[in-house]
Structure formats: C-alpha cells, structure tokens
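# Examining the three-dimensional arrangement
Okay, here's what each chain looks like letter by letter:
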2 protein chains.
Amino acid sequence: MAKIKTLANGSKKDVILKNASALFRKKGFKATSLRELAETMDIEAPSLYNHIDSKAALLEEICFGVAKDFTEYMNLIIGSKESAVDKLSKLIRFHIQKIYTDFDNVFVSNHEWKQLSKKQLVEFLIQRKAYENAFVEIINEGVKKKLFKTLHPQITVLTILSAVRGLEFLHSHKNEFSIEILEENMVQHLLTGIIK
Amino acid sequence: MAKIKTLANGSKKDVILKNASALFRKKGFKATSLRELAETMDIEAPSLYNHIDSKAALLEEICFGVAKDFTEYMNLIIGSKESAVDKLSKLIRFHIQKIYTDFDNVFVSNHEWKQLSKKQLVEFLIQRKAYENAFVEIINEGVKKKLFKTLHPQITVLTILSAVRGLEFLHSHKNEFSIEILEENMVQHLLTGIIK
DNA sequence: AATAAATACTAATAAGCGTTAGTTTTGCAA
DNA sequence: TTGCAAAACTAACGCTTATTAGTATTTATT
C-alpha cells in the first residue's frame, strides 16, 4: 500500500514510464509483466491502472516520444544553412548524445517497436522512413557539392545510422570513455575513415 | 495429421529450426508461440516435442550456431598472415555476407539473446566479449604498424561492429543493391571515410 | 502381412498474463 | 474534523502459454 514516490519534477505516470522503459530495455517488452513493473514501485499491478491505460500504451509513449525527438532535431538541421558535412556531423553527435542521456528510451524504441499494435506500427515506420529519407537528402546534397565521395547515398546512410543506432553496446563501455571522446572518434571515423 | 515435409537435405528438426528462426525474427521470441510455429508445418504444437526438447532449446541452437560461425571465421583470420587492413576488410565483408545469406539466424541471435536462460546467457556473453577483444587486437595491430589513425581502438570496433551488425535494416533494401556493391561501399566507408 | 519405431493426435495441466470489478485506505481541502 | 477525490488494495476473470500423458496413426523393416 506504499504510494508511488514521485520525483521532484514528475507526475506518477512519469515514474511508471521511466521504470517501464528500464525494464523493457533489460528484459524486453513481452518478457516484462505489469506485476513486475508494479513491484519496482512497491505497489500491486492493478494499481497501475489508476495512472495508465494499458501496457501497450506505455510502449507507444516510449517509441513515439523518441521518434519525436529525432524528427524535431532533423527538422532543425534541415532548416539550417550549414554545409552537408556539418549537418551530418551534428546528426551523428545528436544520436550519440541521445543514447547517452536517454539510453533506455532509445534502446526500447529501437528494439521493441515491432510489438506496437498494428496501427501504431504503421505510423512508426512511416516516421522512420521519413527520417531516413531526410538523411539521404543531406548525403545527396554533399555529393552534389562535391564534398563527399560518390558512394551510394542510401548505403552511406545505412552505414551511419547503423553505426550510431548500434551504440547500445556502449552501455558496457560507458564509463571507459567520455561522451566527448566518443563523439570525436565516431564523427572522425564515419566522415574520414580510419586509414592513413 | 500432416507430416512435416523435409527438404532435400535436412532433418525434420532442421525444418523446425528454420521456421522458428523466421518467426522469431518477424515477431520476437517471446511473442512467438509453439502453436504458431507448429502451424507453419501444419501440425499441432505438442507434436513438436517429438523433435525438440523445448522452446528455449530452439533459441539456444540459433544463438550459439551464429556465435560459432563468427568465432570460427575470426580464428581463421587471426591465424592468417595478412595485413590488419585486409583482416578488417575481410571481417566486415564476412558480416555482410552472413546477414545476406543467414539473415533470420543472425537477426535472432543479435536481438533475442537476452531471452536465453541465465546459464546460456552468461556463456553467450563470454563468447561475444572474446570476439570483440579479437577485433580490438586487429585494430591495435594496425595502429602499431602505422596503418591506422590513432583513434581509440575500442570505439573503432564499436563503430564497425555497430555498423555491420545494424545491417538488419538492409532487409527492406535488399533488392536495391547487390551484395558486391554493398560490400564495396561499406568497406570503403568504414576504412577510408566519405569525405574527399 | 506382421511388427516395431517414429510421429502424429487429443485432452489436460499448471502457471502466468493483462485487465476489470468492487472495496478500502490515504491524503488533501474545507 | 469531516468529506471527497485519488490511489491503493484483494479477488477474480478469461485467455494464452509451454509442456506432459496417453493414445492413435503412419512409415519403415522384416
């Protein structure tokens, strides 16, 4: 009968969302039960329903929350007057920063979106495709202005997105490098390669 | 009461494994039921137990099968007398080829290993860490022989492994590029960058 | 054709799931 | 201190799950 302890700035639902995100990352969405989630707050599972609509709604909020963050930043970048190199560099850095600062949510969004309900899943994929297309456009811009080698833009984006998205493996190395060093290394690597 | 149709070369268990792999990739391990798996072969779920030990054992075989493939190739590379550049290049190509030719298994291994039972999970992580360490060693070798820039080896490996591992997104582009073009682009990108 | 082995079936079990209903407790406002 | 809304509780539902037991059927061998 313990009440959910709310943090300084955050409703009870926020606490649930945060704990759900952590569990979904560690165990997977399907492998996490509401009873288990409730336990992290010392309450019983049905009590959750005073704050949430359903288990599915939790995943929905997490996935679309992350999608929104990335889309908004992309729109910011697209609207700027920077060079394609700088745009790309900033996007890579943003991905790294998001993983550093919002690890659970980003991870869950990347791994569990398949468990979204049919309708949400379609919408999610549309947003992701749009993001990817915007990315490709930046590469195209760079190629046209002869800033980039003429590699295949879609493969380039695939490579970059895979590299930064896959930074979830970072978690085990998190204390070994500062985020600054990590950003520097990855941007260097993905833009200029590793061969002398 | 239909009997499982075995392919030209393959026991009934192999058919089950293959179908399981496909389903686990599409829906996730936890989200796939044995009834569903059985249905792909027009039999009832309990009949599966004439061929398999448990659902968990299926995942186990898939994950450790993939791990074995990568470990074996890594040992081959390590034992060779090639330059670090060639070793790295070959490893990257191997990853791409595996994803192309063994997509379901590689995907499931990358995504569902968390659902392994405690004991198997520990073993799996040990093997993965060993693989990663071998990768780092190759980078170190290249740096020592002044073939590579002095980027942080662990971050470099993280970047490369993330990039190739993340090629699962490839699935939606699979018909757009040949594997040769893909390999060329990615190796070029990851070794020499994209900036002119 | 008879026998044995492999492999399918049906029926059932125990456990766990998300969720609902109905009730009690808590904490704040008057 | 009383009253009301928020949020907790217990009990239970209906469903799905992996798996087992026991039995029938198919296939291969003699």
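In short, a report on the structure. (Residues numbered from 1 in each chain as written. Chains lettered and ligands numbered in written order. Predicted model: local features only at pLDDT ≥ 70, side-chain atom pairs only at ≥ 80, totals over all residues.)

## Points about the overall build of chain A
Let me state the cut-off plainly: Strands here mean DSSP runs of E at least two residues long; helices mean DSSP runs of H or I at least four residues long; both are numbered from the N terminus. For the exposure call, what matters is how many other C-beta atoms sit within 10 Å of a residue's own: 20 or more marks it buried, 12 or fewer exposed, and in between partly exposed, using C-beta atoms placed from the backbone.
Looking only at helices and strands, one finds eight helices and zero strands in chain A. Across chain A, helices and strands are ordered from the amino to the carboxyl terminus as α-α-α-α-α-α-α-α. Per-residue burial for chain A yields a buried fraction of 31% across its 196 residues.

## Here's the deal with the interface of chain A and chain B
Let me state the cut-off plainly: Once C-beta atoms are placed from the backbone, any two residues with those atoms within 7 Å are in contact. Polar here means any residue other than Ala, Val, Leu, Ile, Met, Phe, Trp, Tyr, Cys and Pro, which are nonpolar, and Asp, Glu, Lys and Arg, which are charged; Gly is therefore polar.
Listed as interface residues are 42 residues of chain A and, on the opposing side, 41 residues of chain B. Among the secondary structure elements, those contributing two or more residues to the side of chain A that touches chain B are α7 (153-165) and α8 (179-192) of chain A. With nine residues, the top contributor of residues to the side of chain A that touches chain B is α8 of chain A. Residues of the side of chain A that touches chain B, tallied by class, amount to 19 nonpolar, 15 polar and eight charged.

## Structural notes on the relation of the copies chain A and chain B
For clarity, the cut-off: Copy-to-copy alignment: least squares on C-alpha atoms, limited to residues at pLDDT 70 or above in both.
Structural alignment of chain A on chain B gives an RMSD of 0.1 Å, achieved by rotating through 180° and translating 0.1 Å along the axis. On this basis, the relationship between the two copies can be described by a two-fold rotation axis.

## Some remarks on helix α6 (residues 118-144) of chain A
In an α-helix, one full turn covers 3.6 residues, which means residues spaced three or four apart are oriented alike. Residue and element names in this part refer to chain A. Selection criterion: Helix span, expected: 1.5 Å multiplied by one less than the number of residues in the helix.
Over its 27 residues, α6 extends 39 Å from the first C-alpha to the last, a length consistent with the 39 Å expected when each residue adds 1.5 Å. Looking at α6, one finds that the buried residues are Phe135, Ile138, Ile139 and Gly142. In this structure, the buried residues of α6 make contact with α4 (84-101) and α7. Looking at the residues trailing α6, positive phi occurs at lysine 146, about 60°.

## Details of unusual backbone geometry
Phi is positive for aspartate 42 of chain A, close to 55°, though the residue is something other than glycine. Tracing the chain through its elements places aspartate 42 of chain A in the loop between α2 (34-39) and α3 (55-79). For lysine 146 of chain B, which is not glycine, the phi torsion reads 60° and is therefore positive. Residue position: lysine 146 of chain B is located in the loop between α6 (118-144) and α7 (153-165).

## Describing the packing of α3 of chain A against α6 of chain A
Residue and element names in this part refer to chain A. Stated precisely, the cut-off is as follows: All axes here are fitted lines through C-alpha atoms, helices being fitted over the stretch that makes contact, and every angle between N-to-C directions spans 0 to 180 degrees. For classification purposes, an angle smaller than 35 degrees is called roughly parallel, one larger than 145 roughly antiparallel, one from 65 to 115 roughly perpendicular, and anything else oblique. Helix crossings fall into two classes, left-handed where the near helix is turned counterclockwise from the far one by less than a right angle and right-handed where it is turned clockwise.
In the contact formed by α3 and α6, the axes pass within 10 Å of each other and the chain directions differ by 25°. In terms of orientation, α3 and α6 fall into the roughly parallel class. In terms of crossing hand, the pair formed by α3 and α6 is left-handed. Each of Glu60, Cys63, Ala67, Phe70, Thr71, Met74 and Ile78 in α3 lies in contact with α6, whose residues at this interface are Gln120, Phe124, Gln127, Tyr131 and Ala134. Residue composition of the contact of α3 with α6, grouped by class: eight nonpolar, three polar and one charged.

## Some points on helix α3 (residues 55-79) of chain B
All names here are of chain B. Compared with an ideal rise of 1.5 Å per residue, which puts 25 residues at 36 Å, α3 spans 37 Å between its outermost C-alpha atoms and is within 8% of the ideal. Turning to α3, its buried residues number three or more, namely Leu58, Leu59, Glu60, Ile62, Cys63 and Val66. At its buried positions, α3 is contacted by α1 (12-27), α5 (103-112) and α6.

## Topic: the packing of α8 of chain A against α7 of chain B
Running from N to C, α8 of chain A and α7 of chain B cross one another at 55°; their axes reach a closest spacing of 10 Å. The angle between α8 of chain A and α7 of chain B falls in the class oblique. Note on packing geometry: the crossing formed by α8 of chain A with α7 of chain B is right-handed. Contacts between α8 of chain A and α7 of chain B pair Leu182, Asn185, Met186, His189 and Leu190 of chain A from the former with Ile155, Thr156 and Thr159 of chain B from the latter.

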